[in-house]
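A look at the structure
Okay, here's what each chain looks like letter by letter:
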Amino acid sequence: MDNFENDDLEWHKVPTKIDVSRNYVKALHVAGKKLCLIREGDVLSVTSSRCPHAGADLTNGWCEGGKLVCPFHRHKFNIENGKGDEPQHNFIRIYPLKKENGEFYVGIKKSLWNKIFG
């Protein structure tokens, strides 16, 4: 979890309580997007929810050694940088997460419309 400051991001409050006492992979719905919320050890991550290989739902996956494992073809992705294992040559998107005043927020890139008129 990093402290991101970027004018191209809109910060959206995470609508559910984040449990930091145990490991899990679960769906997170923020700003009309289905994302993947992951906690493994001391790492809390938010990633895209679709596997780039075959489109499987990563929220049904699990973590092993800091990697999110796709439930369909077992592709593995680093939960801190999104990079897929060699020789996959693919990646998943990592969304910045920050905590302010006891609440968690996910950073999502502004749409072109919001950049122009926002």
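Residues numbered from 1 in each chain as written. Predicted model: local features only at pLDDT ≥ 70, side-chain atom pairs only at ≥ 80, totals over all residues. Heavy atoms only, no water.

**Observations concerning the sheet that holds strand β6 (residues 67–69)**
The line we're drawing: Should DSSP find at least two bridges between two strands, the strands are taken to pair. A run of H or I in DSSP becomes a helix once it reaches four residues, and a run of E becomes a strand once it reaches two; helices and strands are each numbered from the N terminus. As a rule, the C-alpha atoms of each element are fitted with a line to give its axis, helices using only the stretch in contact, and angles between N-to-C directions run from 0 to 180 degrees.
Here we have 3 strands laid out as an open sheet, ordered β5-β6-β7, and antiparallel in their pairing. Strands at the two margins of the open sheet, each flanked by one partner only, are β5 (62–64) and β7 (76–78). For this sheet, the mean inter-axis angle between neighbouring strands, taken without regard to orientation, is 35°. Looking at chain direction, β5 and β6 are connected through 3 bridges and run antiparallel. Looking at β6, one finds that E64 is bridged to K67.

**Details of the nonpolar core**
Defined as follows: We call a set of buried residues a nonpolar core when its members are Ala, Val, Leu, Ile, Met, Phe, Trp, Tyr or Cys and they connect through side-chain atoms within 4.5 Å of each other. The buried label goes to any residue with under 20% of its type's maximum accessible area, the exposed label to any with over 50%, and the partly exposed label to all in between, with areas taken from a 1.4 Å probe on protein chains only. In what follows, a contact means two residues having at least one pair of non-hydrogen atoms within 4.5 Å.
If you look at the biggest cluster of nonpolar residues, it comprises 14 residues, and the most contacted ones within it are L28, V46 and V106. Among the secondary structure elements, those contributing two or more residues to this core are β2 (24–30), β3 (33–40), β4 (43–48) and β10 (103–109). If sequence neighbours within four positions are ignored, L28 has contacts with V14, P15, T16, K33, K34, L35, L37, V46 and V106. In terms of nonpolar packing, the next biggest core, distinct from the first, is built from 11 residues, V25, C51, L68 and C70 among them.

**Remarks on the environment of C63**
By the secondary structure assignment, C63 is in strand β5. Along the backbone, C63 and K76 are 13 residues apart, and their C-alpha atoms lie at a distance of 8.7 Å. Not counting chain neighbours up to four residues away, the residues in contact with C63 comprise V25, I38, E40, L68 and I79.

**Remarks on the state of the cysteines**
Defined simply, a disulfide is a covalent bond joining two cysteines at their sulfur atoms. Convention followed: Disulfides are defined in this document as cysteine sulfur pairs within 2.5 Å.
Per the stated rule, a full pass over the model turns up 0 disulfides. Looking at the unpaired C36, the closest cysteine sulfur is the one in C63, lying at 7.8 Å. This cysteine, C51, is not joined by any disulfide, and C70 carries the nearest cysteine sulfur, 3.8 Å off. Residue class for C51 comes out buried when judged on its relative accessible area of 4%.

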